[in-house]
Amino acid sequence: MKTFFIALLLLLGITLQANAQLISADVGVNGLTCSMCARGTEETLKRLDFIDSIDVDLNTLVAHIIFKKNMNAPIEDIVKAVEDAGFSVRNITAVYDFKNKKIGKDEHIDYGNDVLHFVGVDDQTLNGQVTLRFIDKQFVSKKEFKDWSKKTSMTCYKNNKKDACCPANVTQAKRLFHVTLAS
Amino acid sequence: MKINIIFFLFSFLASASSAQELFINTEPASNMPRNSFGLRIGSESFSQGNALKSRTDLELMYEETGNLMTTAMIHASNYYGQYAFDNFGLYAKYRLYTDDGFKEHFRIAAFAHAAFGAQRNTFADVMLDGGNSGLNAGFIFTLLENHLALSSTLGAITFVPTVNSTPGVTFQQVENYDCSLSAGYLIYPAQYASYTDLNFNFYAELLGKYITYNKSESGIINAEHGSVLDLAIGPQVIINSISRVDLSVRYRLISGVESFPTPSIFIRFEQMFYR
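Please read these numbers as outputs of a predicted model, since none were measured by experiment. (Residues numbered from 1 in each chain as written. Chains lettered and ligands numbered in written order. Predicted model: local features only at pLDDT ≥ 70, side-chain atom pairs only at ≥ 80, totals over all residues.)

(A) Just the sheet that holds strand S1 (residues 20-30) of chain A, in detail. Residue and element names in this part refer to chain A. In space, the eight strands of this open sheet follow the order S2-S3-S1-S4-S7-S8-S6-S5, with mixed pairing throughout. Sheet topology places strand S2 (51-57) and strand S5 (108-111) at the edges, where each strand pairs with a single neighbour. Across this sheet, the average inter-strand angle for adjacent strands is 25 degrees, counted without regard to direction. With four bridges connecting them, S5 and strand S6 (residues 114-118) associate as antiparallel partners. Bridge assignment links His-108 to a residue of S6, and that residue is His-117. Each of S1, S2 and strand S3 (62-67) touches helix H2 (residues 35-46); the most contacted strand, S2, lies at about 170 degrees to it. (Pairing = 2+ DSSP bridges. Helix = DSSP H or I, 4+ residues; strand = E, 2+ residues; numbered from the N terminus. Axes fitted to C-alpha atoms, helices over the stretch in contact; angles between N-to-C directions. Contact = placed C-beta atoms within 7 Å.)

Rendered as structure tokens:
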């Protein structure tokens, strides 16, 4: 039985790696101006074992993060680490390496503990490195949020929380993010 | 004249290119990163009569959750004769409200500071960092805009009756209501290039107290009250974005009650430790 579960977990891991791999992310940080605060944020992010390197631009206050290969790198953990440092995430763009991943309007795909809900995209297959922009209410301006709200009928986006509209893979334990393809 | 100086200082800070909130004489409503430590060693000196009085502070800070910071501190001084241990204190600060924007925020925190120790006092002005026992609690409001960092601390200090260093005089039912306004300004660099850049900051802080007390002298008790307002100004150097050196000179603007003498000089070193 134990062997079966290990095999299952390995298979899930392989499936995860086969579908998508987070390569890098640019995370804008809000609420700070000083270099001491920026360093504190960087040191907090460095505790995450899936981060390979991090470089914070002290003027734009954007953390450019490179992730380790073949490791699950949840965006949820990055958002939490910035909050643990005492600040909040302004915006996120992330580069994923996809392998024949079919997406479409309001498609929800699993990435580790994150579920990525695609908003405002046409049916297509993602292959290679693709940049996703996170468009959750807290990561975009009020005007943009209104605009994106018109592009999905799913109430989880407008209400900024998991809702009855969410498919079965959006379990209680998962963190739901709303994304679109970066232009 | 004093009002002009204050107006000039705060106008200067308001026109700054970048704001800084690592205040020297007060705490901001912001906290340190979760699971980080800070160590502070500080010293304040002033002259009283012909004697140079000085105090040494040692503080160990720990950030528990990103919202709750606790500090343990000990103080020693020669305020009351020979250089000796004065008291120890526990300070806790909890961030209640956060509104973050790009290079700006508004935050509110609640704090409490309890000091225990030798229970001595010379003045009705309670100094929890300098030999008095008591409890201070209140709120901190910090506004950080691109060009301005302003912080205000509102608190009430109640004071544990003491053994007095002035024979025949005791202070009873002492209540201090403190109110401060701090502003901070980044002088150098105009633009950050790396964490190793030395940062030079400048701070101006108005530190005020309204004090009510009963003063017992030779058996006669008088209910008295008064205010003290000090201006503290000084530079700060940030090294490697992980250490800081603070220097602050404090002048008295309003002296309506007996208090610790000014001008006084405060110097402090702080080192952060990330796990």
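So much for the structure itself; the text now carries on.
(B) Representation of the sheet that holds strand S7 (residues 134-145) of chain B in the model. If you trace the 12 strands once around the closed barrel, you get S1-S2-S3-S4-S5-S7-S8-S10-S11-S12-S13-S14 (chain B), paired in antiparallel fashion. Neighbour to neighbour, the strand axes of the sheet diverge by 20 degrees on average, direction disregarded.

(C) The packing of H2 of chain A against helix H3 (residues 75-84) of chain A, seen in detail. Residue and element names in this part refer to chain A. Where H2 meets H3, the axes come as close as 8 Å, and the angle between the chain directions of the two elements is 140 degrees. One finds that H2 runs oblique with respect to H3. Crossing of H2 against H3: the hand is right-handed. Where H2 approaches H3, its residues Thr-41, Thr-44 and Leu-45 are matched on the opposing element by Ile-78, Ala-81, Val-82 and Asp-84. Residues belonging to the contact of H2 with H3 are distributed by class as follows: four nonpolar, two polar and one charged. (Parallel < 35°, antiparallel > 145°, perpendicular 65-115°, else oblique. Left-handed = near helix turned anticlockwise from the far one by under 90°. Nonpolar A, V, L, I, M, F, W, Y, C, P; charged D, E, K, R; others polar.)

(D) Structural detail: unusual backbone geometry. Here the residue pair Tyr-188 of chain B and Pro-189 of chain B is connected by a cis peptide bond, since its omega of 0 degrees sits within 30 degrees of zero. For the peptide bond that leads from Thr-262 of chain B to Pro-263 of chain B, omega is 0 degrees, which places it in the cis range. As for its position among the elements, Pro-263 of chain B is in the loop between strand S13 (243-255) and strand S14 (264-274). Even without glycine at this site, Asn-100 of chain A takes up a positive phi of about 50 degrees. With respect to the element layout, Asn-100 of chain A can be found in strand S4 (residues 88-103).

(E) A look at H2 of chain A. The end-to-end C-alpha distance of H2 of chain A, which contains 12 residues, comes to 16 Å, matching closely the 16 Å that a straight helix rising 1.5 Å per residue would cover. When we look at burial in H2 of chain A, the residues that qualify are Ser-35, Met-36, Cys-37, Ala-38, Arg-39, Gly-40, Thr-41, Glu-42, Glu-43, Thr-44 and Leu-45 of chain A. (Expected span 1.5 Å × (residues − 1). Buried ≥ 20, exposed ≤ 12 C-beta atoms within 10 Å, placed from the backbone.)

(F) Structural context of the nonpolar core. Counting residues in hydrophobic clusters, the biggest one holds 61 residues, and the most contacted among them are Val-27, Val-29, Ile-78, Val-82 and Ile-92 of chain A. The residues touching Ile-92 of chain A, leaving out its near neighbours within four places in the chain, are Ala-25, Val-27, Ile-75, Phe-134 and Phe-139 of chain A. Listed in part, the 13 residues of the second largest apolar core include Phe-123, Met-127, Ile-157 and Phe-159 of chain B. (Core = buried A, V, L, I, M, F, W, Y, C linked by C-beta atoms within 7 Å.)

(G) Just the confidence of the model for chain B, in detail. Across chain B, pLDDT averages 88, with 89% of residues at or above 70. We note a pTM of 0.88 for the whole complex and an ipTM of 0.86 for its interfaces. (pLDDT = per-residue confidence, 0-100.)

(H) Up close: the interface of chain A and chain B. Every contact between the two is made by 20 residues of chain A and, on the other side, 26 residues of chain B. Listed by contribution, the elements that provide at least two residues to the side of chain A that touches chain B are H2, H3 and S4 of chain A. At six residues, the largest contribution of residues to the side of chain A that touches chain B is made by H2 of chain A. Looking at the side of chain A that touches chain B residue by residue, the class counts come to six nonpolar, nine polar and five charged.

(I) View of the pairing of strand S2 (residues 51-63) of chain B. Residues and elements named next belong to chain B. Pairing between strand S1 (residues 36-48) and S2: 12 bridges, direction antiparallel. Of the residues in S2, the one forming a bridge with Ser-43 is Thr-56. Connecting S1 to the antiparallel partner S2 that follows it, the hairpin turn spans two residues, and Gly-49 within it adopts a positive phi of roughly 65 degrees. Of the strand pairs in this sheet, S2 and strand S3 (residues 68-77) are connected by nine bridges, and their pairing is antiparallel. Of the residues in S3, the one forming a bridge with Thr-56 is Ala-76. Linking S2 to S3, which pair antiparallel, is a turn of four residues; within it Gly-66 sits at a positive phi near 100 degrees.

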